[in-house]
Amino acid sequence: SGELVKGRFLDFLQEYRERITVPPPTADPEDSDMDDDDDDENVQYYYPYIEQAAQIAQRQLLRRSSDDDDGHDDNNGAPQSGVFSNTLFVDFSHLLSQDEELAEAIQNDAVRFEPFLQRASKTFVLDLHPELDQAAGGAAGSTCYFVAFHNLPTILPVRHLRTDRIGRLS
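I will try to describe carefully the structure that is included in this document.

The rules behind each value
Residues numbered from 1 in each chain as written. Predicted model: local features only at pLDDT ≥ 70, side-chain atom pairs only at ≥ 80, totals over all residues. Heavy atoms only, no water. Buried < 20%, exposed > 50% of the residue type's maximum accessible area, 1.4 Å probe, protein only. Helix = DSSP H or I, 4+ residues; strand = E, 2+ residues; numbered from the N terminus. Pairing = 2+ DSSP bridges. Core = buried A, V, L, I, M, F, W, Y, C linked by side-chain atoms within 4.5 Å. Contact = heavy atoms within 4.5 Å. Axes fitted to C-alpha atoms, helices over the stretch in contact; angles between N-to-C directions. Parallel < 35°, antiparallel > 145°, perpendicular 65-115°, else oblique. Left-handed = near helix turned anticlockwise from the far one by under 90°. Nonpolar A, V, L, I, M, F, W, Y, C, P; charged D, E, K, R; others polar. Phe/Tyr/Trp six-rings, centres within 6.5 Å; stacked < 30°, edge-to-face > 60°. Lys NZ or Arg CZ within 6 Å of the ring centre and 35° of its normal. Salt bridge = Lys/Arg side-chain N within 4 Å of Asp/Glu carboxyl O.

1. Overview of the pairing of strand β3 (residues 87-91)
Residues in a regular strand project their side chains so that they alternate between the two faces of the sheet.
Part 1: Counting buried positions over the five residues of β3 gives four, a clear majority of the element.
Part 2: Taken together, the five bridges between β3 and strand β4 (residues 146-150) define a ladder with parallel strand orientation. Among the inter-strand pairings, Asp91 is bridged to a residue of β4, identified as His150.

2. Here we look at the environment of Gly7
Part 1: Here Gly7 is to be found in helix α1 (residues 2-15).
Part 2: The partly exposed category is assigned to Gly7, whose relative accessible area is 28%.
Part 3: Measuring from C-alpha to C-alpha, the distance between Gly7 and Arg119 comes to 9.8 Å, with 112 residues separating the pair along the chain.

3. Topic: the nonpolar core
Part 1: By size, the foremost hydrophobic cluster in this structure holds 30 residues, and its most contacted members are Phe9, Ile106 and Phe149.
Part 2: Broken down by element, the residue count for this core peaks at eight residues, all from helix α5 (residues 110-128).
Part 3: Residue contacts for Phe149: discarding those within four places in its chain leaves Phe9, Val90, Phe92, Leu95, Ile106, Leu117 and Leu169.

4. Re the packing of α1 against α5
Part 1: As a packed pair, α1 and α5 sit with axes 8 Å apart at the nearest point and diverge in direction by 40°. With respect to α5, the axis of α1 lies oblique. When you trace α1 past α5, the crossing you get is right-handed. Here α1 contributes Gly2, Glu3, Val5, Lys6, Phe9, Leu10, Leu13 and Gln14 to the contact with α5, which in turn contributes Arg112, Phe113, Phe116, Leu117, Arg119, Ala120, Ser121, Thr123 and Phe124.
Part 2: Split into classes, the residues belonging to the contact of α1 with α5 amount to nine nonpolar, four polar and four charged.

5. Brief notes about the packing of aromatic side chains
The geometry of an aromatic ring pair is captured by two quantities: the separation of the ring centres and the angle between the planes.
Part 1: With the rule as written, the count across this model stands at six aromatic pairs.
Part 2: Ring centres 5.6 Å apart and planes at 45° place the aromatic pair Phe12 and Tyr16 in the tilted group.
Part 3: Classification of Tyr16 as buried rests on a relative accessible area of 10%.
Part 4: Here the aromatic cluster, defined as three or more aromatic residues joined through ring pairs, consists of Phe9, Phe12, Tyr16, Tyr49, Phe92 and Phe149.
Part 5: It is Arg17 that lies over the ring of Tyr45; its NZ or CZ is 3.8 Å from the centre.

6. What to know about the pattern of salt bridges
Part 1: A full pass over the atoms with the stated rule returns four salt bridges.
Part 2: For Arg8, the salt bridge goes to Glu101, with nearest N and O atoms at 3.6 Å. Of the two residues, Arg8 sits in helix α1 while Glu101 sits in helix α4 (residues 100-108), which places them 93 residues apart along the sequence.
Part 3: Overall, Arg8 belongs to the partly exposed group, its relative accessible area being 25%.
Part 4: One network of salt bridges, with partners in common, ties together Arg8, Asp99 and Glu101.

In structure tokens form, the structure reads like this:
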């Protein structure tokens, strides 16, 4: 169901991390016999989607503060937003390695699950950065958030696209 996809995708965004091994400050040749896997001091974790959420929040807060400073809208009342300013870019290979079943469901029925993915991304960003909702005076609920997948395993040439591929990520 869509709610299940939303929950699992939200879990993925919150939990996905990449392991980064940082070289020790001073490399001692005597310690070269040690197994690197046992040395957790040199391991750090990078959470790419949490970092993206922080960048989205920063852009939105900067845009709102500049709109407030101007005192007027230069866009005749239309919402100002940069291209992709509310979009989380998800590496599909990350999703595939973390939750293969979810990745397959999204790949096979992307159109059906798109609204649930959008709601998950919105929940993700606003949970991490509640100041967005506060800065908007509770109007952040009207902001749409999107998900863009890249690094898909299957890429079809245009001439191979057929109606049975409509709504799929391939």
